[in-house]
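# A look at the structure
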Amino acid sequence: MNFRETCPIYLQISDRLMDEILAGKYAPDERIPGVRDYSVLLQVNVNTTTKAFDQLRQRGIIYDKRGLGCFVSPDAIQRILSIRRDAFFNEWIPDIAQAIRQLGITTDELLSHLEQCNEA
Amino acid sequence: MISINHLNFRYNFHRPPVFTDFSLEIGDGQIIGLLGKNGTGKSTLLYLICGLLYDKKHSVSIDGIPSHERRPETLQRLFIVPEEFELPPISIRQYAKTHSGFYPNFSEKVLEDTLREFELSPDIHLGSLSMGQKKKAYISFALAAQTDYLLLDEPTNGLDIPSKSQFRKVVASQMTEQRTIIISTHQVHDVEMLTDRVVLLAEDRLLLDASLNDIAERLRFEVRPVGADLSDALYIEPSIAGTLVVAPANGFSDTTTVNLELLFNALTQNPEVVKTLTQPS
């Protein structure tokens, strides 16, 4: 895994796990790899992975079964999509809006390009 | 716990002191990156910790036992992989047979697993290895010894590109809460993602001893586009993507990844960075 220059590693790890859940690699109520195995896979400190798992647990995306490990929550996909939607409006849109201003792009232009993307 | 209390150390009177009134405590269960320019005493510190070198006042101890006494009960909990070493011309099996008795927790399985991860055969002969293979074989034995303290001096020197990532894997897989692993290196990218804590040496003193969590809470490491405001920067460095910036976190704690190389340069060039990291929050 190539780590992006500036985003904290633990957030990149939780993002990766969310991507894997969205892609269907781990289904609802299916077990995900343990913290140690996941750390070895990504060659990172166990504490960093623990922090990522803690965050996902807090957001209700994964849950613990005592002695059995971590599992994907039944409603994990809805939760991830809602988190991603919030991030889209709160983090991406402001950046895009700034670029639109800088480049003098009109709303019509933007919409027609979006439609082209959807058709492709 | 490793304790160093007001250590003064020099090799002889013709040479400058390596450590002057140097104090450091290293708690258990952490992977520590020991960083510093060439000649700042990284190897010397590792040798002092395991008692191969000692100062007159015996100011280095492990769990309360002075390291210089080199008591068996301390030595069986400690393993050092020096930067350069010689191995006897025997097979690794023979080596494990004759040396594993010194380490009560020695694990045959860890030895085999680690050798396999490094793509070495469990039957290799130590007399016929390249420098990198020798290093990987000895690191495998060191991990298999399962000591509470493991000191690795420039472990990634001489390792080829795939071996560096294999090294990170074996360390991540063998780390436990009881274990303390100190990795001295100047190749920070080799260990950046593994460390809990960094200890930075400069000349004869300690420049920084901080956990990566604390650093991430107090400093931001960013790439800013050319022309962006740099007024809050503590340190800047030009790069292809823009300007690399170290700035105080100012409420944006834990939003960026600690860039150890950038931090190292920032610390050695701007004393304000140390202040930002050490002042009580």
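Computed from a prediction, not measured in an experiment: that's the story for all the values here.

So, about the pairing of strand β2 (residues 69-72) of chain A. All names here are of chain A. One ladder, built from four bridges, connects strand β1 (residues 62-65) with β2; its direction is antiparallel. When the bridges of β2 are listed, Lys65 appears paired with Gly69. In this antiparallel pair of consecutive strands, β1 and β2, the connection spans three residues, and Gly67 shows a positive phi of 80 degrees.

All names here are of chain B. The sheet built from three strands is open, its strands ordered β11-β13-β12 with antiparallel pairing. The outermost strands of the open sheet, each flanked by one partner alone, are β11 (219-224) and β12 (235-239). Adjacent strand axes in the sheet meet at a mean angle of 20 degrees when their direction is disregarded. Sheet analysis places β11 next to strand β13 (residues 242-248), joined by six bridges and oriented antiparallel. Directly across from Phe221, in β13, lies its bridge partner Val246.

What follows concerns the domain arrangement of chain A. All names here are of chain A. Taken domain by domain, chain A holds domain 1 (9-74) and domain 2 (77-119). Taking only C-alpha atoms into account, the centre of domain 1 sits 28 Å from that of domain 2. Residues belonging to the side of domain 1 that touches domain 2 are distributed by class as follows: four nonpolar, two polar and one charged.

Another point: the packing of helix α1 (residues 9-22) of chain A against helix α3 (residues 46-58) of chain A. Residues and elements named next belong to chain A. Where α1 contacts α3, the axes come no closer than 8 Å and their chain directions differ by 55 degrees. Comparing their axes, α3 and α1 come out oblique. For α1 against α3, the interelement crossing comes out right-handed. Residues Ile9, Tyr10, Ile13, Ser14 and Leu17 of α1 lie in contact with α3, whose contacting residues are Thr48, Thr49, Lys51, Ala52, Gln55 and Leu56.

Criteria and cut-off values
- Residues numbered from 1 in each chain as written.
- Chains lettered and ligands numbered in written order.
- Predicted model: local features only at pLDDT ≥ 70, side-chain atom pairs only at ≥ 80, totals over all residues.
- Pairing = 2+ DSSP bridges.
- Helix = DSSP H or I, 4+ residues; strand = E, 2+ residues; numbered from the N terminus.
- Axes fitted to C-alpha atoms, helices over the stretch in contact; angles between N-to-C directions.
- Domains from an automatic or database assignment.
- Nonpolar A, V, L, I, M, F, W, Y, C, P; charged D, E, K, R; others polar.
- Parallel < 35°, antiparallel > 145°, perpendicular 65-115°, else oblique.
- Left-handed = near helix turned anticlockwise from the far one by under 90°.
- Contact = placed C-beta atoms within 7 Å.

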